[in-house]
Amino acid sequence: MRVALFVTCLNDAVYPATGVATVTLLERLGVEVDFPAGQTCCGQPQYNTGYRREARTLVRRTAQAFEGHSRVVTPSASCAAMVRDGYPRLGERALGPRVYELTEFLVDVLGVTDVGAYYPHTVTYHPSCHGLRVLGLGDRPRRLLAAVEGLELVELPGERECCGFGGTFAVKNAAVSVAMGRDKAHAAARTGAEVLCAADNSCLMHIGGVLRRQGAGTRVAHIAEILASTREEPLR
């Protein structure tokens, strides 16, 4: 099977290890991965802020970048939701049905939950708003995490509550965003987990920043990095 990787601009520019982990994981499972070089931002920041004309330019560019690819996989529930839910509102309907968030691709398309990962740490999972409410990822991420050798999965109190990032919301409503981030960080720290994971690095960037400023012992990691970790190639 061959797929195209939609790495997203945030991962490409700030969290490249997530893109590397996604490719490593998929190739370990026998998937060939292409990387269309024409991809940039999907247009979500512009769309959410009300700049529809500017967003359409990026929507067209993204659709062109993935022309000819029957399956597109992304390690970002947020960007997958933008393509599947936002793009049709801007007149682009062809790409959405071909885009899969990583965990739904693993579970629904490849039919696997045990990906051969090894991660000897206590982990709690934060379901991002887009993954939870727009994509309906459900228990897919937890099923994948539960099958990881050595991993102890603990529940996150108030897990369905937004972390407060919300893209440009964090800029325009900083005080509210930070307060929500603190609530989520406190909840993560109370679990005693070593690692907080999610399917969106935007959420992890926000919550992780709060955790670092609080001096908490909990660190953050994208689920792709956990699933790509093995005894031979451990994630620290």
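The preceding data block contains the structure.
Thresholds applied
- Residues numbered from 1 in each chain as written.
- Predicted model: local features only at pLDDT ≥ 70, side-chain atom pairs only at ≥ 80, totals over all residues.
- Heavy atoms only, no water.
- Core = buried A, V, L, I, M, F, W, Y, C linked by side-chain atoms within 4.5 Å.
- Buried < 20%, exposed > 50% of the residue type's maximum accessible area, 1.4 Å probe, protein only.
- Helix = DSSP H or I, 4+ residues; strand = E, 2+ residues; numbered from the N terminus.
- Contact = heavy atoms within 4.5 Å.
- Expected span 1.5 Å × (residues − 1).
- Arc of directions from axis to C-beta.
- Axes fitted to C-alpha atoms, helices over the stretch in contact; angles between N-to-C directions.
- Parallel < 35°, antiparallel > 145°, perpendicular 65-115°, else oblique.
- Nonpolar A, V, L, I, M, F, W, Y, C, P; charged D, E, K, R; others polar.
- Phe/Tyr/Trp six-rings, centres within 6.5 Å; stacked < 30°, edge-to-face > 60°.
- Lys NZ or Arg CZ within 6 Å of the ring centre and 35° of its normal.
- Pairing = 2+ DSSP bridges.
- Salt bridge = Lys/Arg side-chain N within 4 Å of Asp/Glu carboxyl O.

*Asks:* Describe the nonpolar core, with residues and values.
*Replies:* A general trend in soluble globular proteins is that nonpolar side chains are found buried together. In this structure, Leu-26, Leu-106, Tyr-119, Ile-226 and Leu-227 are the most contacted members of the largest nonpolar core, which totals 28 residues. Here this core takes five residues from helix H12 (residues 223–228), the largest share from any one element. The contact partners of Tyr-119, leaving out residues within four places of it in the chain, are Val-148, Glu-149, Gly-150, Leu-151, Val-195, Arg-219, Ala-221, Ile-226, Ser-229 and Leu-235. In terms of nonpolar packing, the next biggest core, distinct from the first, is built from 21 residues, Val-72, Ala-81, Leu-135 and Leu-137 among them.

*Asks:* Got a sec to walk through helix H4 (residues 52–65)? Specific residues and values, please.
*Replies:* Every α-helical turn comprises 3.6 residues, leaving residues that sit three or four positions apart pointing alike. Compared with an ideal rise of 1.5 Å per residue, which puts 14 residues at 20 Å, H4 spans 20 Å between its outermost C-alpha atoms and is within 8% of the ideal. Along H4, the residues classified as buried are Ala-55, Leu-58, Val-59, Thr-62, Ala-63 and Ala-65. Each buried residue of H4 sits inside an arc of 155° when the element is viewed along its axis, so together they form one side. Exposed residues pointing more than 90 degrees away from the buried face of H4 are listed as Arg-53 and Gln-64. On the buried face of H4, the contacting elements are helix H3 (44–49) and helix H5 (77–89).

*Asks:* How would you summarise the packing of helix H2 (residues 16–28) against helix H6 (residues 102–109) if you had to cite specific residues and measurements?
*Replies:* Packing of H2 against H6 leaves a shortest axis separation of 12 Å and a crossing angle of 10°. As judged from the angle between their axes, H2 and H6 are roughly parallel. Judged by residue contacts, Thr-22, Leu-25 and Leu-26 of H2 engage Leu-102, Phe-105 and Leu-106 from H6. Residue composition of the contact of H2 with H6, by class: five nonpolar, one polar and no charged.

*Asks:* Got a sec to walk through the packing of aromatic side chains? Specific residues and values, please.
*Replies:* A complete count under the given rule lists two aromatic pairs for this structure. Plain terms: the ring middles of Tyr-100 and Phe-105 are 6.0 Å apart, the flat faces sit at 65° to each other, and that makes the pair edge-to-face. Tyr-100 gets classed as partly exposed once you look at its relative accessible area, which sits at 22%. Residue Phe-105 is classed as buried on the basis of its relative accessible area, which comes to 0%. In this structure, Arg-231 packs its charged tip against the face of Tyr-118, placed 4.0 Å from the ring centre.

*Asks:* Before we move on, can you summarise the sheet that holds strand E4 (residues 99–101) with the specific residues and values?
*Replies:* Strand order in the open sheet formed by four strands is E2-E1-E3-E4, with parallel pairing between adjacent strands. Strand pairing shows two members of the sheet lacking a second neighbour, strand E2 (32–34) and E4, which therefore form its edges. In this sheet, adjacent strand axes meet at a mean angle of 40° when their direction is disregarded. Relative to E2, strand E1 (residues 2–5) runs parallel, the two sharing three bridges. Opposite Val-3, over in E2, you have Val-33 as the bridge partner. Its contacts with the sheet place H5 against strand E3 (72–74) and E4, and it is angled at close to 150° to E4.

*Asks:* Pulling in residues and values, what's your account of the pattern of salt bridges?
*Replies:* Tallied over the full model, the rule gives nine salt bridges. Between Arg-2 and Asp-34 there is a salt bridge, with its nearest N and O atoms 2.7 Å apart. Of the two residues, Arg-2 is situated in strand E1 and Asp-34 in strand E2; the sequence distance between them amounts to 32 residues. On the basis of relative accessibility, which here comes to 45%, the residue Arg-2 falls in the partly exposed class.

Without other data, these values stay purely geometric and don't point to any function.
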